[in-house]
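Spelled out from the first residue to the last, the chains are:
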Amino acid sequence: MANKLEKQIQREEVLRNGPIAPGIIKMAMPCIVAFLISSIYSLADTYFVSSIGTQATAAVGINSSLELCINLVGSLFATGAGSLVSRLLGARQKDRAETVLSSCFNIVGIFGIFILVFGSLFIHPVVRLLGATPTIEQYAVQYATYVLLAAPFMSTSFVMNQCLRAEGSATLSMIGMGFGGVLNCFLDPLFIVGLNLGVSGASIATAISKFVSFAILLFPYITRRSILRLHMNRIRMEWKTFKEVMFMGSTAALRTVLTIIAGVIMNTVAGRISDSVLASISVCNKVMMFPFSIALGFGQGYTPVSGYNWGAKQYDRVLESYHTANRIGVTGACVLALLFGVFAKQLMMLFTDADVEMLKVGIYCIRVQCLMLPLHVYSLIVNMLCISTGKAKGALLLSTSRQGTFFIPFVHLSAYLFGAYGIASVQAFADLLSLSMVIPLRRSMLKMVKETKEKYEANPQGIEAYEA
């Protein structure tokens, strides 16, 4: 027990007083590893399913939107809870942080059960709505069937994962998410090839892996290895707290909604051209999940450092953490962009060497997204600054710009003007245009932090810690 308490104190010390750059990297590395391994879930499915054919490959891509639907309310409550929990811990309000965690866990679990029942009853209309063409519908249904069974575990894992990171327990989060991803890589060939279950085998492997991740993430909460505890009878948040969780989480939820809408539109438009184009966009998105996962994992490592110090009223450390994260993140993005751009052909050939159209469009899609990767990371760090300081409006603005304002309106136009290559370019184009919002918001956020610092120095009692 003493050893556990000592580790918890050490985690808080890293957030409050440790060197910024090593602290961010220490928090980020487990997140990066977890996100990378988590991205293997879908990439492994796509790789093994690609041996069945182009239609099966496209079907797995269609179901990426289904998984986003399952995680929708999970992201709503998890992101808001994670942001608030880190600030509450910084303000030494542990009991309140536990109430936030427990309430969000229960609410999201109920939603997961609803998705399971509704999705199973209307599975054919659901996959058609997500963009499945008649030639791939049967494969899409096979994959969706078992993923839906894991819905309650997927959504609640989202909450536990975010709150473990928020308290600085990034390694525990990594173990939970990472082990499930590794397990999926072993189960995929067993079920798809060994037991000859095809697309259904990929879905069964994913569902089992998601449940195992849930069990591992739950373990530290019920064995007192985490700072916070899950109390199943604590579904009670005062309106002020509930509103803040929803408000902060609305940025992630809206981003998820827009990603789902954008994915459905992209699937529909690409499918009208050919199954090969639809499969190429799907594979590109799965491949680019790796650099995006590294970027997102880094951002998740930066957020608790920034959020904890914001709650602790250490505003100099908030500013230092932002500038440090920005330098490291953008530099790393440039390296990743060069690496993935150079080897785009080899990456695509892992999934097909016979479908020429799928190969050509996929290579182009990977390379054009690599060009915009540093800009994407630059925007991501600004977004995380907004989330960590509780400024939901700024995070909401950035969330809507990338997948909403500058993406959805241009999909049909790009396809009409440039065909398959227009569809492959639209995400990179949206990233470029979103800079028009990112740059002024960055300036505004840094100004706000400096002004809050000055107010606190003039009147230390005038700012409430977790709301500052």
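Just so it is clear, the structure is predicted and the values come from calculations on it, not from any experiment. By convention here, each chain's residues receive numbers from 1 onward along its written sequence. Only residues with pLDDT of at least 70 get local features here, since the model is predicted, and only at 80 or more are side-chain atom pairs given and counted; chain-wide, interface and lining totals rely on the full set of residues. Only heavy atoms go into the side-chain values, all of them from the structure, while hydrogens and water stay out.

Novice: Hey, could you run me through the overall build of the protein in this one?
Specialist: Helix and strand content of the protein: 20 helices and zero strands. Every radius of gyration here is taken over C-alpha atoms, with the globule rule written as 2.2 Å times N^0.38, N being the number of residues. Against the compact-globule benchmark of 23 Å for 468 residues, the protein has a radius of gyration of 22 Å, which places it among compact chains. The contacts of the protein with a sequence gap of at least 6 include a subset with a gap of at least 24, amounting to 84%. The Shrake-Rupley method, run with a 1.4 Å probe sphere, supplies the accessible areas, and residue values consider only the shown protein chains as cover. Roughly 18,400 Å² of accessible area belongs to the protein as shown, and the carbon and sulfur atoms make up 67% of that amount. Two residue types count as positive, namely Lys and Arg, and two as negative, namely Asp and Glu; His and chain ends fall outside the count. Where a charge sits is defined by one atom per residue type, namely NZ (Lys), CZ (Arg), CG (Asp) or CD (Glu). Separation of charge centres in the protein, based on 37 positive and 24 negative side chains, amounts to 4 Å. Runs of H or I in DSSP of at least four residues are treated as helices and runs of E of at least two as strands, each being numbered from the N terminus. For this analysis, residues touch if any pair of their heavy atoms sits within 4.5 Å.

Novice: Could you clarify how one ought to interpret the nonpolar core in this entry?
Specialist: A general tendency of soluble globular proteins is for nonpolar side chains to be buried together. We call a set of buried Ala, Val, Leu, Ile, Met, Phe, Trp, Tyr and Cys residues a nonpolar core when their side-chain atoms join them within 4.5 Å. Only protein chains enter the accessibility calculation, which uses a 1.4 Å probe. A residue is then buried if its area is under 20% of the maximum for its type, exposed if over 50%, and partly exposed in between. Val85, Val100, Ile281, Tyr302 and Ile366 are the most contacted members of the largest nonpolar core, which has 135 residues in total. Looking at this core, the element that brings in the most residues is helix 12 (residues 275-311), giving 14 residues. With near-sequence residues (within four places) excluded, Tyr302 lies in contact with Ile24, Ser321, Tyr322, Ala325, Ile381, Met384 and Leu385.

Novice: Is there a simple way to explain the environment of Phe114 in this structure?
Specialist: Here Phe114 lies in helix 5 (residues 94-121). Overall, the relative accessible area of 51% leaves Phe114 in the exposed class. Put simply, Phe114 and Arg272 are 158 residues apart on the chain and 32 Å apart in space, counted from C-alpha to C-alpha.

Novice: Sorry if this is basic, but what is going on with the packing of aromatic side chains here?
Specialist: Given two aromatic rings, one states the distance between the centres and the angle between the planes to describe the pair. Here a pair means two rings of Phe, Tyr or Trp (six-membered ring of Trp) with centres within 6.5 Å. Their orientation is stacked below 30 degrees between planes, edge-to-face above 60, and tilted elsewhere. Under the definition given, this model contains nine aromatic pairs. When the centroid spacing of 4.9 Å and the interplanar angle of 85° are considered together, the rings of Phe153 and Phe211 count as edge-to-face. Remark: Phe211 occurs in helix 10 (residues 198-222) and Phe153 occurs in helix 8 (residues 151-166); sequence separation between them is 58 residues. Given the relative accessible area of 27%, Phe153 is considered partly exposed.

Novice: How should the pattern of salt bridges be read in this particular structure?
Specialist: Charged atoms that come close allow side chains of opposite charge to pair. Think of a salt bridge as a Lys or Arg side-chain nitrogen and an Asp or Glu carboxyl oxygen that are within 4 Å of each other. A complete count under the given rule lists two salt bridges for this structure. The residue Arg128 makes a salt bridge to Glu137 at a minimum N-O spacing of 2.8 Å. We note a salt bridge from Lys453 to Asp316, for which the minimum N-O separation is 3.7 Å. Taken together, the residues span a long stretch of sequence, with Lys453 in helix 20 (residues 435-458) and Asp316 in helix 13 (residues 315-342) at a distance of 137 residues.

Novice: So what exactly am I meant to see when it comes to the side chain of Thr303 here?
Specialist: If you trace the backbone, Thr303 turns up in helix 12. Among the polar contacts made by the side chain of Thr303, one reaches the main-chain carbonyl oxygen of Gly299 at a distance of 2.8 Å. Distance and chemistry together define a polar contact, namely a pair of N or O atoms within 3.5 Å, with one atom able to donate a hydrogen and the other to accept it when in protein, and with adjacent residues in sequence counting only for side-chain atoms on both sides.

Novice: Help me understand unusual backbone geometry in this model?
Specialist: Negative phi characterises most residues that are not glycine, and trans characterises most peptide bonds. In this model, Asn196 sits at a positive phi of 55°, which is unusual for a non-glycine residue. Tracing the sequence through the fold places Asn196 in the loop between helix 9 (170-194) and helix 10. According to the relative accessible area criterion, Asn196 is exposed, its value standing at 66%.

Novice: Explain the environment of Lys391 here, please?
Specialist: Position of Lys391 relative to the elements: it lies in the loop between helix 16 (373-388) and helix 17 (392-405). When the C-alpha positions of Lys391 and Lys210 are compared, they lie 32 Å apart, and in sequence the two are 181 residues distant.

Novice: Hey, could you run me through the packing of helix 15 (residues 356-371) against helix 19 (residues 420-433) in this one?
Specialist: When two helices pack together, their arrangement is given by the angle between the helix axes and the distance between those axes. Here an angle of 0 to 180 degrees is reported between the N-to-C directions of two axes, which are lines fitted to C-alpha atoms, with helices fitted over the stretch in contact. It is the contact of helix 15 with helix 19, at a shortest axis distance of 8 Å, that shows an interaxial angle of 20°. It follows from the interaxial angle that helix 15 and helix 19 lie roughly parallel. The two elements helix 15 and helix 19 meet at a crossing, and its hand is right-handed. Mapping the contact onto sequence places Lys360, Val361, Tyr364, Cys365, Val368 and Gln369 in helix 15 and Ala420, Tyr421, Ala424, Ser425, Gln427 and Ala428 in helix 19. Between 65 and 115 degrees an angle is taken as roughly perpendicular, under 35 as roughly parallel, over 145 as roughly antiparallel, and anywhere else as oblique. Helix crossings are classified by the rotation of the near helix relative to the far one: an anticlockwise turn of less than a right angle makes the crossing left-handed, while a clockwise turn makes it right-handed.

Novice: Teacher, can you tell me more about the packing of helix 12 against helix 13 here?
Specialist: Taken N-terminus to C-terminus, the directions of helix 12 and helix 13 make an angle of 175°; their axes are 9 Å apart at the nearest point. For the element pair helix 12 / helix 13, the angle class is roughly antiparallel. Where helix 12 approaches helix 13, its residues Val287, Phe290, Pro291, Ile294, Phe298, Tyr302, Val305, Ser306, Asn309 and Trp310 are matched on the opposing element by Tyr315, Arg317, Val318, Ser321, Tyr322, Ala325, Ile328, Gly329, Leu336 and Phe340. Its residues assigned to classes, the contact of helix 12 with helix 13 comprises 15 nonpolar, four polar and one charged. Note on residue classes: Ala, Val, Leu, Ile, Met, Phe, Trp, Tyr, Cys and Pro are nonpolar, Asp, Glu, Lys and Arg are charged, and everything else, Gly too, is polar.

Novice: Sorry, what's going on with helix 19 here?
Specialist: Within an α-helix, residues lying three or four positions from one another point in the same direction, as the helix has 3.6 residues per turn. For helix 19, built from 14 residues, the straight-helix expectation of 20 Å at 1.5 Å per residue is met to within 8% by its first-to-last C-alpha distance of 21 Å. Given a residue, its bend is the angle between the two axes fitted to the seven residues that end at it and to the seven that start from it. Where helix 19 bends most, the angle comes to about 40°, and this point is Val426. Counted residue by residue, helix 19 has ten buried out of 14 residues, so it is predominantly covered. Burial in helix 19 covers these residues: Ala420, Gly422, Ile423, Ala424, Ser425, Val426, Gln427, Ala428, Ala430 and Asp431. What a helix is expected to span follows from its residue count: subtract one and scale by 1.5 Å.

In short, shape yes, function no, at least from these values alone.
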